[in-house]
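Architecture and fold: a report
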Amino acid sequence: DAPAPAPPAGRRGRFEPSPTSALYKALCAAPRAGAACSWPPRVVLSSNLQCTGEQECDAGRVVTVKIVDAVGGGTKYYTYKNVPCVRLAIIEEGREVRRGGTRQCGDPRAPFGATMCCAPKDLRRAVSSFGGECLFANEKVPYAVAERRCAAQNLTLCGDRVYSAPTLTNSCAERVYGWAALPCQVHVQVYPSGRIGLVDPLTRDSLLQPNSNNFFRVRWGGTRRAAPTASADGTSCPGACTVQPTIEGASCMCNATLTTAAAFATVDALLGLGTEEVALRAPLGTVAPDVHDAGEYVECDTWACDDVRKATGISVWLHAASGDDGEGASPLSQQTLFAVPPRRAGGRPRYLLNRVETVSLGDGYDFRNPPSFLPLLGVAVDGGRAWDSPSLWRHQAEYETEALLEHLGEHNTTAPFVVYRLLQNMVTSNPSPRYMRRVVRAFREGVVRLNNDGSYRARSADADADDGANVVPF
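Computed from a prediction, not measured in an experiment: that's the story for all the values here. (Residues numbered from 1 in each chain as written. Predicted model: local features only at pLDDT ≥ 70, side-chain atom pairs only at ≥ 80, totals over all residues. Heavy atoms only, no water.)

Turning next to the sheet that holds strand β8 (residues 156–157). Taken together, the 3 strands give an open sheet; going across it, the order is β7-β6-β8, and neighbouring strands pair in antiparallel fashion. This sheet does not close on itself; its edge strands, each paired only once, are β7 (122–126) and β8. The sheet contact formed by strand β6 (residues 117–119) and β8 spans 2 bridges and is antiparallel. When the bridges of β8 are listed, Cys117 appears paired with Leu157. (Pairing = 2+ DSSP bridges. Helix = DSSP H or I, 4+ residues; strand = E, 2+ residues; numbered from the N terminus.)

Another aspect to go through is the pattern of salt bridges. Throughout the structure, instances matching the rule amount to 19 salt bridges. The residue Arg343 makes a salt bridge to Glu276 at a minimum N-O spacing of 3.4 Å. With Arg343 in the loop between β18 (337–340) and β19 (350–353) and Glu276 in helix α4 (residues 275–281), the pair connects residues that are 67 residues apart, well separated along the chain. Overall, Arg343 belongs to the partly exposed group, its relative accessible area being 35%. A relative accessible area of 40% means that Glu276 is categorised as partly exposed. Residue Arg343 pairs with Glu410 through a salt bridge whose shortest N-O separation is 3.3 Å. On the criterion of sequence distance, the pair formed by Arg343 in the loop between β18 and β19 and Glu410 in helix α6 (residues 394–410) is long-range, its members being 67 residues apart. When its relative accessible area of 13% is taken as the criterion, Glu410 is described as buried. Salt bridges linked by common partners bring Asp58, Glu139, Arg148 and Arg149 together as one network. (Salt bridge = Lys/Arg side-chain N within 4 Å of Asp/Glu carboxyl O. Buried < 20%, exposed > 50% of the residue type's maximum accessible area, 1.4 Å probe, protein only.)

By the secondary structure assignment, Arg217 is in the loop between β11 (196–199) and β12 (220–221). Residue class for Arg217 comes out exposed when judged on its relative accessible area of 67%. A C-alpha to C-alpha distance of 9.1 Å links Arg217 and Gly197, two positions 20 residues apart in sequence.

Let's shift gears to the pairing of β18. Alternating positions in β18 separate into two faces, Leu337 and Ala339 on one and Phe338 and Val340 on the other, with burial throughout. With 3 bridges joining them, strand β17 (residues 315–319) and β18 adopt antiparallel strand pairing. Residue pairing for β18: Ser315 is matched across the bridge by Ala339.

Moving on to the nonpolar core. In this structure, Ile90, Val188, Val190, Leu361 and Phe367 are the most contacted members of the largest nonpolar core, which totals 27 residues. Secondary structure elements with two or more residues in this core: β10 (187–190), β11 and β14 (249–255). Membership of the second largest hydrophobic core comes to 18 residues, among which are Val267, Val278, Ala282 and Leu332. (Core = buried A, V, L, I, M, F, W, Y, C linked by side-chain atoms within 4.5 Å.)

Let us now look at helix α5 (residues 303–312). Taken together, the buried positions of α5 are occupied by Ala304, Cys305, Val308 and Thr312. Along the axis of α5, the buried positions cluster into a sector of 100 degrees, meaning they face one direction only. Exposed and facing more than 90 degrees away from the buried side of α5 are Trp303 and Lys310. Immediately beyond the C-terminal end of α5, within one or two residues, lies Gly313, with a positive phi of roughly 80 degrees. (Arc of directions from axis to C-beta.)

On to the confidence of the model for the chain. When the pLDDT values of the chain are averaged, the result is 86; 89% of them are 70 or greater. Below a pLDDT of 50 lies the segment residues 1–10, which in the model reaches 14 contacts outside its immediate sequence neighbourhood of four places, other chains included. Long-range and interchain partners of residues 460–474, a stretch whose pLDDT sits below 50, account for 30 contacts in this model, where long-range means more than four residues apart. (pLDDT = per-residue confidence, 0-100. Contact = heavy atoms within 4.5 Å.)

Before going further, it helps to spend a moment on a nonpolar patch on the surface. Side chains of Leu404, Leu405 and Leu408 sit close together on the surface and give an oily, nonpolar patch of about 290 Å² of accessible area. Leu408 sits in the partly exposed class, given a relative accessible area of 42%. (Patch = residues over 30% accessible without salt bridge, like charges linked within 9 Å, V, L, I, M, F, W, Y side chains within 5 Å. Areas by Shrake-Rupley, 256 points an atom, 1.4 Å probe, with all protein chains shown as cover.)

All told, the structure shown has 6 aromatic pairs when counted by the stated rule. Relative to Phe136, the ring of Phe15 lies with its centre 5.1 Å away and its plane at 70 degrees, an arrangement referred to as edge-to-face. Residue Phe15 is located in the segment before α1 (22–28), and its partner Phe136 is located in the loop between β7 and α3 (143–151); the two are separated by 121 residues in the primary sequence. The two residues Phe15 and Phe136 agree in class, both being buried. Between Trp220 and Phe367, the aromatic rings sit 5.0 Å apart at their centres with planes inclined by 70 degrees, giving edge-to-face as the arrangement. Note that Trp220 is positioned in strand β12 and Phe367 in strand β21 (residues 366–368), a separation of 147 residues in sequence. According to the relative accessible area criterion, Trp220 is buried, its value standing at 15%. Classification of Phe367 as buried rests on a relative accessible area of 1%. Stacked on the ring of Phe417, the Lys or Arg Arg421 has its end atom at 3.9 Å from the ring centre. (Phe/Tyr/Trp six-rings, centres within 6.5 Å; stacked < 30°, edge-to-face > 60°. Lys NZ or Arg CZ within 6 Å of the ring centre and 35° of its normal.)

At their nearest, the axes of helix α7 (residues 414–426) and helix α8 (residues 433–445) sit 9 Å apart, and the two run at 120 degrees to each other. Classed by the angle they form, the pair α7 and α8 counts as oblique. Between α7 and α8 lies a crossing whose hand is right-handed. Contacts from Ala415, Pro416, Val418, Val419, Tyr420 and Leu423 of α7 reach α8 at Tyr435, Met436, Val439, Val440, Phe443 and Arg444. Residue composition of the contact of α7 with α8, grouped by class: 11 nonpolar, no polar and 1 charged. (Axes fitted to C-alpha atoms, helices over the stretch in contact; angles between N-to-C directions. Parallel < 35°, antiparallel > 145°, perpendicular 65-115°, else oblique. Left-handed = near helix turned anticlockwise from the far one by under 90°. Nonpolar A, V, L, I, M, F, W, Y, C, P; charged D, E, K, R; others polar.)

Written out as structure tokens, the structure is:
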């Protein structure tokens with residue numbers, strides 16, 4: 001397959017798929033071979049596409065895709081929106097992302113930094129040669145990818161006090177943050193209320209400073225099942241923490257360590273549990289098995305997995321490379337995937353990873369690593385450039401809002417809350433418990449149909465088994 005066209009000398013090209021690639025054909029959407037592109041306004045990829053050429057197969061974070069119609073002429077740009085996904089908020093050992101003297105601590109696993117390479121003998125001056133450090137303009141990659149691309153040119157990532165400003169000749173865009181070969185650590189500030197804030201000692205971002213009051217709740221666990229608090233005289237904190245004064249009193253500034261473990265050691269451990277208990281113990285979501293590479297996951301068909309499926313509706317998918325066999329007492333890897341049925345009728349299925357990531361502050365003070373839709377560590381934007389604007393993350397805010405609405409809609413208390421007020425205003429001021437139970441069940445599980453006389457009835461999912469509880473006059 002032909003690679004994407006090379007950019008003109010002295011420029012970084014856009015992410016531009018080759019006309020022979022499956023991605024180009026999906027976005028161009030020509031009705032037949034040799035025809036011009038039809039330019040659909042929105043394209044949803046229903047399955048994985050085979051990549052073509054280095055630019056597609058080794059691409060970092062893609063923001064826009066350039067499609068040039070070789071038949072009909074014209075150029076269109078498509079904005080890429082990833083599937084809804086969160087990142088875990090806290091990292092144990094980060095890597096610096098730098099833009100001149102401005103620094104942040106970033107997650108090396110995330111595509112948050114550009115690649116900027118230096119000669120091994122001079123780690124302060126970036127090499128300006130339009131080399132292979134970037135495959136297209138404004139590309140962001142994980143730390144390991146940036147390190148590999150520099151090594152392929154007999155170069156290395158730049159170090160401390162690099163004075164070269166990021167440009168299109170030595171990096172992927174102007175005034176962007178690039179990875180540096182320097183470790184960094186983020187601190188956790190535990191406020192007197194038990195809520196936590198994140199502190200990045202490198203950044204100027206006000207949200208990541210001590211006493212920022214940019215705090216949030218976490219699920220405390222460990223042996224203490226509580227947050228660390230300062231001593232009564234405000235002079236000491238337990239574990240790996242030091243005192244940080246605030247206007248509310250003494251808080252604790254802590255170093256964090258991360259540990260990961262399998263949520264369920266065996267398939268047998270799932271027996272006897274409901275879907276909500278499984279979701280509580282395995283809180284990390286993932287994408288559906290068919291979104292992964294072909295053959296990466298196989299559905300478990302052992303007797304033990306079949307028992308779990310019959311009892312809970314949960315399907316167990318085994319990670320092929322991990323060697324799991326799915327037998328009842330055999331160990332499950334952290335890559336095992338659980339397909340959990342929807343909470344409510346008409347809802348979407350959930351896919352959970354058999355993994356728990358715990359943040360430890362020492363001395364038995366632990367909590368589950370919280371998720372974050374929006375960028376937090378290592379992605380503060382202060383340059384005001386269109387190609388690195390906060391508006392690029394707007395779809396993540398939309399995903400977070402949709403996730404909240406879905407959570408509220410499926411919450412156990414939502415149906416009684418809405419139904420009680422609905423009946424009070426439309427039927428009776430004091431609905432009986434039996435009446436409430438019927439309508440709540442219909443709210444959660446049924447559909448509303450129109451009778452011949454114009455009245456409504458709510459038919460529950462188990463109406464055939466409970467005739468008489470399926471008709472509710474509104």
